[in-house]
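Descriptive structure summary
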Amino acid sequence: MTATLYAYAFLDEFVLLYPVYVLLFVDSGLSVGRISSLFVLWSLTGVLLEVPSGAWADAVSRRTLLWLGPLLGAAGFALWVLVPSYWAFAAGFVLWGARGALGSGALEALVYEELERAGAADRYARVMGRAHALGQAAVMAATALAGPVLSAGGYRAVGAASVLASLLCAAAATRFPEHRTPAAAPSEDGWAATLRAGFADVRRDRSVLGALLFVPAVAAVWGALDEYTPLLVAETGVPAAGVPGLLVLIWACVTVGSLLSGVAERSGRAGLATLLAGAALALAVGALTGKPAGVALVALAFGGFQLATVLADVRLQRRIEGAGRATLTSLAGLGTELVTIGVYGVYGLLGSAVGHRAVFALCALPYLTTALAVALAGARGRRR
């Protein structure tokens, strides 16, 4: 299973259109406002489909959703390059949003339960950390290849490569094992029953609710800030040609953060609180320096946040005991999407007024608050 997971994780992110699709939109005549509307549509699609798709994964087959999602993504990418227009881009973003929603929750639930079945649930953090690292390596590889492929064959060549990667990702997903016993299957009500069961688990066990809320608290802010890192780097005075190199540094640190998850899961609440606080301080100081050297601190911060994101998922999976594992994981994903949209809105209001350095520094505050909450919770637990 792990070999299939690693192939799936790499191919899922090896999309050459990622670093150039905004250029495609601009070259097709779209204004900044229309491009922004596409991003909103993309996010809203994820919000609307996140939880229902998770319930569907619990009710039917997680493997089915994992191969269906990349096929939808392939169709969307083909639309973009074959009939480039606003409505084709909109349809592609809906398909891309559906692709993400189908995989979110289903992948984590399938991997955790297959490991648990094999008596290796304690390897989940290490396995998922490596999968995330391979996905991030795929992003860097796709970024490096996109320019030469675009120069050689234009957007259609980049689109063809992206469609091929998505088709290979779907093929890899068909190789996932899925051993679900009848006891884990939903009742006769179908996916609606699994949705109700998932919410019942949250109401019954407050630790599940805490773990569920912790995921967006860790993952959302830095995930939204990632979209603005080129603007932060450019504000340091780096020439345009030097921006990609510093972005690769950031992604390299994110990849290292993923790889450290197997070791870091043993650090406990105190270690997690220290990690979040340290990453928050690195983010604030690195952003406020206004110099290229400060980007190295931002990169370290992002690596810490990625590590914390994997650990947050591990905490959630270990607290879920019912049949609605994918449902609850998708519910955490929904929370992440909603907070991310909020961060986009705040950034849009503050970015032009105070500058990118100040906004990045302000975004360290939620992480300091979360670190304090984790430390206090750990202290209360020790007193008991």
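These figures come from a predicted structure and were not determined experimentally.

1. Here's the deal with the nonpolar core
One finds L225, L283, F302, F305 and F360 to be the most contacted residues of the largest nonpolar core, which totals 56 residues. Considering each element in turn, this core owes the most residues, eleven residues, to helix α14 (residues 292–319). Each residue touching L283, except ones within four places of it in the same chain, is listed here: L225, V298, A301, F302, F305, F360, C363 and A364. Listed in part, the 29 residues of the second largest apolar core include L5, L102, V111 and A131.

2. Some details on empty space enclosed by the protein
With the rule as written, the count across this model stands at two cavities of 30 Å³ or more. Here the largest cavity defines a volume of roughly 40 Å³. Looking at the largest cavity, the residues that line it are L232, T236, G286, A287, T289, G290, K291, G294, V295, V298 and R357. Among the secondary structure elements, those contributing two or more residues to the lining of the largest cavity are α13 (268–289) and α14. Here the lining of the largest cavity is built from residues that sort into four nonpolar, five polar and two charged.

3. Details of a positive patch on the surface
Taken together, the side chains of R123, R126, R130 and R266 present a region of like positive charge at the surface. Along the chain, R130 turns up in helix α7 (residues 124–173). Accessibility expressed as a relative area gives 38% for R130, which makes it partly exposed.

4. Description of the side chain of H356
Mapped onto the secondary structure, H356 falls in helix α16 (residues 356–362). The class for H356 is buried, based on a relative accessible area of 17%. Engagement of the side chain of H356 in a polar contact is seen with the side chain of Y347, the distance being 2.8 Å. Every residue in contact with H356, bar those within four places of it in the chain, is listed here: L231, L232, E235, Y347 and G351.

5. Some thoughts on the packing of aromatic side chains
A full pass over the atoms with the stated rule returns 25 aromatic pairs. A ring pair is formed by W80 and W96, whose centres lie 5.7 Å apart and whose planes are at 70°; its orientation type is edge-to-face. In this pair, W80 sits in helix α4 (residues 62–82) while W96 sits in helix α5 (residues 86–103), placing the two residues 16 residues apart along the sequence. Of the two residues, W80 and W96, both sit in the buried class. Ring geometry for Y228 versus Y344: centroids 6.2 Å apart, planes at 65°, classification edge-to-face. On the criterion of sequence distance, the pair formed by Y228 in the loop between α9 (206–225) and α10 (229–235) and Y344 in helix α15 (residues 325–354) is long-range, its members being 116 residues apart. A network of ring pairs unites the aromatic residues Y18, Y21, F25, W42, F77, W80, F89, F93 and W96 as a single cluster. It is R315 that lies over the ring of F214; its NZ or CZ is 4.8 Å from the centre.

What counts, and where the lines are drawn
Residues numbered from 1 in each chain as written. Predicted model: local features only at pLDDT ≥ 70, side-chain atom pairs only at ≥ 80, totals over all residues. Heavy atoms only, no water. Core = buried A, V, L, I, M, F, W, Y, C linked by side-chain atoms within 4.5 Å. Buried < 20%, exposed > 50% of the residue type's maximum accessible area, 1.4 Å probe, protein only. Helix = DSSP H or I, 4+ residues; strand = E, 2+ residues; numbered from the N terminus. Contact = heavy atoms within 4.5 Å. 1 Å grid on protein atoms, 1.4 Å probe; cavity = no way out; pocket = protein on both sides within 12 Å on 5 of 7 lines; lining within 4 Å. Points joined across faces, edges and corners; volume = space filled by probe spheres on them. Nonpolar A, V, L, I, M, F, W, Y, C, P; charged D, E, K, R; others polar. Patch = residues over 30% accessible without salt bridge, like charges linked within 9 Å, V, L, I, M, F, W, Y side chains within 5 Å. Areas by Shrake-Rupley, 256 points an atom, 1.4 Å probe, with all protein chains shown as cover. Salt bridge = Lys/Arg side-chain N within 4 Å of Asp/Glu carboxyl O. Lys, Arg positive; Asp, Glu negative; His and termini not counted. Charge placed at Lys NZ, Arg CZ, Asp CG, Glu CD. Polar contact = N/O pair within 3.5 Å; in protein donor to acceptor, adjacent residues only side chain to side chain. Phe/Tyr/Trp six-rings, centres within 6.5 Å; stacked < 30°, edge-to-face > 60°. Lys NZ or Arg CZ within 6 Å of the ring centre and 35° of its normal.

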